[in-house]
Amino acid sequence: MTDPARRAGELRAALAEANYQYYVLDDPRLSDAEYDALMRELRALEAADPALITPDSPTQRVSGQVSAQFAKVRHPQPMLSLANAMDEAELREWRARAMRLLGADAPVAYVVEPKIDGLAIALTYEGGRFARGATRGNGEVGEDVTANLRTVGGIPLRLREPPAGGGVPDLPASIEVRGEVYMRSADFTALNARLAAAGEKSFANARNSAAGSLRQKDPTLTAGRPLRFFAYAVGPFAGVSLTSQWQTLQYLRALGFPVNGDARRFEDFEQVIEYCHAWMARRDSLPYEADGIVIKVDDFAQQRELGAVQKDPRWAVAFKFAAREAVTRLTNIAVNVGRTGVVTPNAELEPVVIGGVTVRNASLHNADYISERDIRIGDYVTVKRAGDVIPYVVGPVVSLRAGTERPWAFPAACPACGTSLERVEGESAWRCPNFGICPAQLVRRVEHFVGRGAMDIVGIGERQAEQFVTLGWIADVADLYSLTAERFSGVEGYGPKRIANLLQALEESKGRPLDRLIVGLGIRFVGSVAAADLANHFGSLDALMAASEAELIAVGGVGPVVAASVAQFFQRDENRRVVEKLRAAGLRLEGGAPRLRAGDGLAGKTFVLTGTLPTLTREQAGELIQSHGGKVSESVSKRTSYVVAGASAGSKLAKAQQLGVPVLDEAGLLALVGYEGPGAEDEEPVAGPPEPVPPPDLAPPTPIGGGQLSLEL
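All residue numbers refer to positions counted from 1 along the written sequence of the respective chain. The predicted nature of this model means local features are confined to residues of pLDDT at least 70 and side-chain atom pairs, given and counted, to a pLDDT of 80 or more, with totals for whole chains, interfaces and linings taken over all residues. Excluded from the side-chain calculations are hydrogens and water; all other atoms, namely the structure's heavy atoms, are used.

**Remarks on the overall build of the chain**
Piece 1. The helix count covers DSSP runs of H or I at least four residues long, the strand count covers runs of E at least two residues long, and both are numbered beginning at the N terminus. Per the secondary structure count, the chain includes 23 helices and 25 strands.
Piece 2. Burial status across the chain gives 46% buried among its 713 residues.
Piece 3. In the chain, the share of contacts with a sequence separation of at least 24, taken over all contacts with a separation of at least 6, comes to 68%.
Piece 4. On the chain, roughly 34100 Å² of surface is accessible, and the fraction owed to carbon and sulfur atoms is 51%. Here's how the labels work: a residue is buried when its accessible area is under 20% of the maximum for its type, exposed when over 50%, partly exposed in between, all with a 1.4 Å probe on protein chains only. What makes two residues a contact is simply this: any of their non-hydrogen atoms within 4.5 Å. Working definition of accessibility: Shrake-Rupley area with a 1.4 Å probe, residue cover restricted to the visible protein chains.

Written out as structure tokens, the structure reads:
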């Protein structure tokens, strides 16, 4: 007859091995039925003889009474937070600060690990057995959630013996293991569906779901949630020697903890950067939610040398994703009329922070989008924002409906002029056809005309455009040039200096290149690249207006859609009248866009752009630099090769002067790459970079030596 104690030991070992294969190796060898059969046998043995029950038995994952309040736990070693780097430049600045402390020639290796969006916890093991588990709390004091953590399958109740002879340390006498409790995306979706079906409140995201599940007063409720765990660090430990982060990750895996398989070690920081970008590009295909990637100095001795600033270690940084989604209430749906007459629904929201930005409005795309998703006024909706893209409503959280939400119908008439809306067959957009008269369209055309990518008229924006149209001062964009100082007399907010500046900006814009004027006209589908191609090919606005669709298609980079749009634009009498008014106002209607030879003359050089340049937009200047092999950065440092400064340059220019970084104006930048005006095909490019010169209206940079940058992360 089989000895019950021995059989119970065999079953515990088999079930622990099955958990290890499932949660750590992600390679289950037992079927669910086989696992359940072993568990039932073990439960039966323990029920027959309770003396066989051990604290690390798989049957004890759910145990203990319902807690009225979680006890507080002081961490023996603070659980530090992490400083954030939001872009590559900030990541390099973090590394530069670390190298200044370690020494420029110090060999440094880095460990890169995914930053799982879950709940940080600390697990204490004594004599190889799980003794206590706590949340991070404020980093100094957390909550004792031991009973709930015992239910998480990926957390071993007893540590595995590391394989002998593998170079891995033996079992520790005691150790605190730190990591993240999280929920896989698929499990989160299934859980929300189950809660909705049961009439219970669903969770907004996987992180909230994991945190809420772990903090249940009743451990049996936690046990019913699909929680998982990744280990990534240790706190205090005894009876073992650990000298680096990479060694620690291998050791934790050997002890039976799940460790993220995407962790990597690099000795070249450029490889760190490359891996970060490659891994972060996989965000949408990850099986879990992540909010970035963590870079750590590998060597523990170097970590101690770097120390911490307040609660942030100098030896680690989080390279963060921008937050992308949030749930908030949709309070109303309004419609906006664009410069081409497209009427777009816009969501008005209860304010919510997404990626560090407070969002109050979001796109709803079109009427079909709202109808297909049954989005209603009063709904709680998921709002998404990726990078600098305009936020948009993903859809309603149907499970949160209270019955007071109202369906919304698209308007039949333009809200600005009352004209019946039209919809072209095959298109999703509704349009106001009142192109020449609709005041809302005119406001948007003025905004576009004065924008930085077009005529760049400083002092006129959305509010001024609306004001000028409402007051009846302008009927088209050309009327901007008919504004006089007398017109502003007595108008609130317009003093003598402001009026003079605005009129001066209008006068300066008359000299903008032809391609900028083409952009400003607001021809559908014509952006800065197509405008430059058209300006260079035809050489004048008159020639462009006279071109047929066939002649337009013959222009390199111009396809049939753009060609048809340009031809149709200039067939309208009202648009041709605008061009004549612009001619009479003295605008430049001839001359191609500046043509710049691409090459690698700026290779290895880093530029920072600041202020308003006379003819190039910030985007055009950046493209020019990159097309010649240079790099554009957002921040000025001693590694910056040149700062390109225009009018109204601010703190970046001051920083350049402080650090002794050379300053260029637009002419100096063009000279660096070999500017070509029209008809200069036979000219040779500039042989080498000239000495940088400051812009005429800026003081020359004054180098200052011996400065120190802040070491705070």
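**Digging into unusual backbone geometry**
Piece 1. Positive phi outside glycine occurs at H365, with the angle close to 70°.
Piece 2. Looking at where H365 falls in the secondary structure, it is placed in the loop between β16 (357–363) and α11 (367–373).
Piece 3. The residue D374 is not glycine, and still its phi comes out positive at about 50°.
Piece 4. Take D374: it is sitting in the loop between α11 and β17 (380–384).

**A closer look at the pattern of salt bridges**
Piece 1. Between Lys or Arg on one side and Asp or Glu on the other, a salt bridge is scored when a side-chain nitrogen of the former is within 4 Å of a carboxyl oxygen of the latter. Taken as a whole, this structure holds 29 salt bridges when the rule is applied.
Piece 2. Between R92 and E88 there is a salt bridge, with its nearest N and O atoms 3.0 Å apart. Here R92 and its partner E88 are both found in helix α3 (residues 88–102), four residues apart, which amounts to about one turn of the helix.
Piece 3. Note that R376 is salt-bridged to D374, the shortest N-O span being 2.9 Å.
Piece 4. Residue R376 is classed as partly exposed on the basis of its relative accessible area of 24%.
Piece 5. Several salt bridges share partner residues, and in doing so they unite R6, R7, E10 and E41 into one network.

**Here we look at the packing of aromatic side chains**
Piece 1. Any Phe, Tyr or Trp ring, taking Trp's six-membered ring, that has another such ring centre within 6.5 Å forms a pair; planes under 30 degrees apart are called stacked, those over 60 apart edge-to-face, and the others tilted. Scanning all chains against the criterion turns up 19 aromatic pairs.
Piece 2. With a centroid separation of 5.9 Å and 80° between ring planes, the pair formed by Y182 and Y288 is classed as edge-to-face. Here Y288 lies in the loop between α9 (269–280) and β10 (290–297) and Y182 lies in strand β7 (residues 174–182), a separation of 106 residues in the sequence.
Piece 3. According to the relative accessible area criterion, Y288 is buried, its value standing at 7%.
Piece 4. The structure contains a cluster of three or more aromatic residues connected by ring pairs, namely Y125, F130, F229 and F257.
Piece 5. Any Lys NZ or Arg CZ found within 6 Å of a ring centre and within 35 degrees of that ring's normal is scored as a charge over the ring. Across from the ring centre of Y369, 3.7 Å away, lies the NZ or CZ of R373, which sits over that ring.
Piece 6. Its end group placed over the ring of Y494, R498 keeps NZ or CZ at 4.2 Å from the ring centre.

**Considerations on helix α5 (residues 185–197)**
Piece 1. Residue count minus one, scaled by 1.5 Å, sets the expected span of a helix. With 13 residues, α5 should cover 18 Å at 1.5 Å per step; its first-to-last C-alpha distance of 18 Å lies within 8% of that length.
Piece 2. Among the residues of α5, F188, L191, N192 and L195 are the ones counted as buried. Each buried residue of α5 lies within a common arc of 100° when the element is viewed along its axis, so the set occupies one face. Of the exposed residues in α5, the ones pointing more than 90 degrees away from its buried face are A186, T189 and A197.
Piece 3. In the core, the buried residues of α5 are packed alongside α6 (206–214).
Piece 4. Looking one or two residues beyond α5, the residue adopting positive phi is G199, at roughly 75°. This arc is built from the directions going out from the helix axis to the C-beta atoms.

**So, the sheet that holds strand β23 (residues 642–645)**
Remark on secondary structure: sheet strands pair via backbone hydrogen bonds, oriented parallel or antiparallel.
Piece 1. The four strands are arranged β22-β21-β23-β24 in an open sheet whose pairing can be described as parallel. The open sheet has two edge strands with one neighbour each: β22 (631–633) and β24 (663–664).
Piece 2. Here, strands pair whenever DSSP counts at least two bridges between them. With three bridges connecting them, strand β21 (residues 606–610) and β22 associate as parallel partners. The partner of V608 across the bridge, within β22, is S633.

**Some points on the sheet that holds strand β3 (residues 110–116)**
Piece 1. With respect to topology, five strands assemble into an open sheet ordered β2-β13-β10-β3-β9, the strand pairing being mixed. Of all the strands in the sheet, the pair left with one neighbour each is β2 (84–85) and β9 (264–266).
Piece 2. In this sheet, β9 lies alongside β3 in antiparallel orientation, the contact comprising three bridges. Bridge assignment links Y110 to a residue of β9, and that residue is F266.
Piece 3. Orientation is described by lines fitted to C-alpha atoms, with helices fitted over the stretch in contact, and by angles between N-to-C directions that extend from 0 to 180 degrees. Across the face of the sheet, α9 comes into contact with β3, β9, β10 and β13 (316–320) while running at roughly 165° to β10.

**Considerations on the environment of V145**
Piece 1. Positionally, V145 belongs in the loop between β6 (141–143) and α4 (146–149).
Piece 2. Counting along the chain gives 22 residues from V145 to L123, while the straight-line C-alpha distance between them is 10.0 Å.
Piece 3. With near-sequence residues (within four places) excluded, V145 lies in contact with F70, G133, A134, T135 and L214.

**A few points about the pairing of strand β15 (residues 342–354)**
Piece 1. Note that strand β14 (residues 325–337) and β15 share seven bridges and pair antiparallel. Within β15, the position partnered with A334 by the bridge is N346.
Piece 2. Linking β14 to β15, which pair antiparallel, is a turn of four residues; within it G341 sits at a positive phi near 95°.
Piece 3. Bridge count for β15 against strand β19 (residues 430–431) is two bridges, and the pairing is antiparallel. Each residue of the ladder has a partner; that of V343, found in β19, is W430.

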